[in-house]
Amino acid sequence: MARIVALDFGKVRTGIAVTDELQLIASGLSTVATKELIDFLKNYIATESVECIVVGEPKQMNNQVSESEALILPFLEKLKASFPAMRIERQDERFTSKMAFQTMIDSGLKKKQRRDKALVDEISATIILQAYLNRI
C-alpha cells in the first residue's frame, strides 16, 4: 500500500502529516512555508509512494465553507495540475487547531513550546489525517 498525505493549509505555512504504508497510523511529518509546498510535495512523492493527498476543508458551525476556503481553492487547482494522477480528498477541519493546542497541553509541552505555530499546524494536519482515516 501507499501512504496518504494530509495538509493543514495556511496562508503562510502548511502543516503536513502522513500515514505509515499500511495506512493505520497518522504522524506529523513537517511544516513548510506554503510558497514552498508544491516543491516539498514533489520531492516527497518522488521518494515515497503516495496514493492520496487530503486537504483540510475549513467549515463554519452551520456547515458552510469558511472564508479561508477562498485561499485553498487556487491551491487545489495548482495541486491538481502538479499531480494530475493523484487522488485529492477533502476533510472537515473544524476545531483542529484547538484540538492540536489541547494535545500540546495534554502532552506536557511548556508554554514556550506551545507558542510554536508550526508545531500546531503539524499536529492539526495529523488530526485531519486521523479523522480522514476514521471516515474511510
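Residues numbered from 1 in each chain as written. Predicted model: local features only at pLDDT ≥ 70, side-chain atom pairs only at ≥ 80, totals over all residues. Heavy atoms only, no water.

### A closer look at the pairing of strand 3 (residues 26–33)
Rules: Paired strands are those between which DSSP finds at least two bridges. The helix and strand labels rest on DSSP assignments: H or I over at least four residues marks a helix, E over at least two residues marks a strand, and numbering proceeds from the N terminus.
Strand direction decides the pairing type here: strand 2 (residues 13–19) and strand 3, joined by 7 bridges, are antiparallel. Bridged to V18 within strand 3 is S27. Counting the residues between successive antiparallel strands, the hairpin from strand 2 to strand 3 contains 6 residues, one of them, Q23, with a positive phi of roughly 60 degrees.

### Here's the deal with the environment of Q113
Formally: Exposed residues in this analysis have more than 50% of their type's maximum accessible area, buried residues have under 20%, and partly exposed residues fall in between, with area computed by a 1.4 Å probe over protein chains only.
Along the chain, Q113 falls in helix 4 (residues 111–114). Looking at Q113, the relative accessible area reads 39%, which means it is partly exposed. Residues Q113 and K11, spaced 102 residues apart in sequence, show a C-alpha to C-alpha distance of 22 Å.

### Describing unusual backbone geometry
Non-glycine residue Q23 carries a positive phi angle of around 60 degrees. The topology assignment puts Q23 in the loop between strand 2 and strand 3.

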